[in-house]
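Architecture and fold: a report
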Amino acid sequence: MKKIFSFVAVFVLIFSLTGCGDNNQQNSSNSQSQTKQEQKVQEPKKEEPAMSVEQRNAVNRAASYVQTTFMAKSKIANQLVQFDKFSPEDAEFAVNQLNNIDWNKVALKKAESYVQTTNMAKSKIANQLIQFEGFAPEEAEYAVANLKVDFNEVAYKKALSYQQGQNMSIEGIRQQMLGQFEGFTPEEVEYAISKLQK
């Protein structure tokens, strides 16, 4: 009986020691993973360098030029320096922040504004965007290709402005609009003239 009792006691002792060992290992591994997590949490985030007041103002000004006047990227730095009196460094910084802008769509907006305000012919728009506005050729091509405009109606509005604003004759209007000055197609001009005569 004593032997059985001592055997049971030894078995219980071994079992409890084994269990404790597992618990200790588990506790140790839990402690290590917790320390790693704490280290991850405590690692400082890399912060972007703060802008100066001048830089922030230049960035805001540059963004407003894009949103309100549809200005090409190539023109913004000069505008900021020449007219807004920012330093060349701050102007360049501001332009470099305009990373998320789709310049094709800015060119399209500019093209639309020309059609709406000046009744410009399609053949003239790309050259205007490149030569005078500073858009890249591919941006100007995108703009012209994506204009959703009835250029017959644009030609009519232009012809009407010549008739009412400058008292021009029908033949004078036809020649003006077909020439290099306006650049409308013969079909667009004939549509405009026929509508004027109704």
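Worth saying up front: this structure is predicted, and the values here are computed from it rather than measured. (Residues numbered from 1 in each chain as written. Predicted model: local features only at pLDDT ≥ 70, side-chain atom pairs only at ≥ 80, totals over all residues. Heavy atoms only, no water.)

Looking now at the side chain of Lys-110. Its location among the elements puts Lys-110 in helix 5 (residues 103-118). For the buried Lys-110, which has no salt bridge, the nearest side chain bearing the opposite charge is Glu-133, at an N-O separation of 4.1 Å. Contacts of Lys-110, omitting those with residues within four sequence positions, involve Thr-69, Phe-70, Leu-129, Glu-133 and Phe-135. (Helix = DSSP H or I, 4+ residues; strand = E, 2+ residues; numbered from the N terminus. Buried < 20%, exposed > 50% of the residue type's maximum accessible area, 1.4 Å probe, protein only. Lys, Arg positive; Asp, Glu negative; His and termini not counted. Salt bridge = Lys/Arg side-chain N within 4 Å of Asp/Glu carboxyl O. Contact = heavy atoms within 4.5 Å.)

Of note in this structure, Phe-70 is not a glycine but carries a positive phi near 55°. By the secondary structure assignment, Phe-70 is in the loop between helix 2 (53-69) and helix 3 (73-82). We note that Lys-85 has phi near 65°; this positive angle belongs to a residue other than glycine. With respect to the secondary-structure elements, Lys-85 resides in the loop between helix 3 and helix 4 (88-96). A relative accessible area of 64% places Lys-85 in the exposed class.

This next bit is on the packing of helix 5 against helix 7 (residues 137-145). Between helix 5 and helix 7, the shortest axis-to-axis distance is 8 Å and the interhelical angle comes to 55°. Between helix 5 and helix 7, the interaxial angle falls into the category oblique. Where helix 5 crosses over helix 7, the handedness of that crossing is right-handed. Counted together, Trp-103, Asn-104, Lys-105, Ala-107, Leu-108 and Ala-111 of helix 5 and Glu-138, Glu-139, Tyr-142 and Ala-143 of helix 7 form the full contact between these two elements. Counted by class, the contact of helix 5 with helix 7 contains six nonpolar, one polar and three charged residues. (Axes fitted to C-alpha atoms, helices over the stretch in contact; angles between N-to-C directions. Parallel < 35°, antiparallel > 145°, perpendicular 65-115°, else oblique. Left-handed = near helix turned anticlockwise from the far one by under 90°. Nonpolar A, V, L, I, M, F, W, Y, C, P; charged D, E, K, R; others polar.)

Here the focus is helix 3. By the burial criterion, the buried members of helix 3 are Ile-76, Gln-79 and Leu-80. Axial view of helix 3: buried residues confined to an arc of 95°, hence all on one face. Structurally, helix 3 contributes buried residues whose contacts are with helix 2, helix 4 and helix 5. (Arc of directions from axis to C-beta.)

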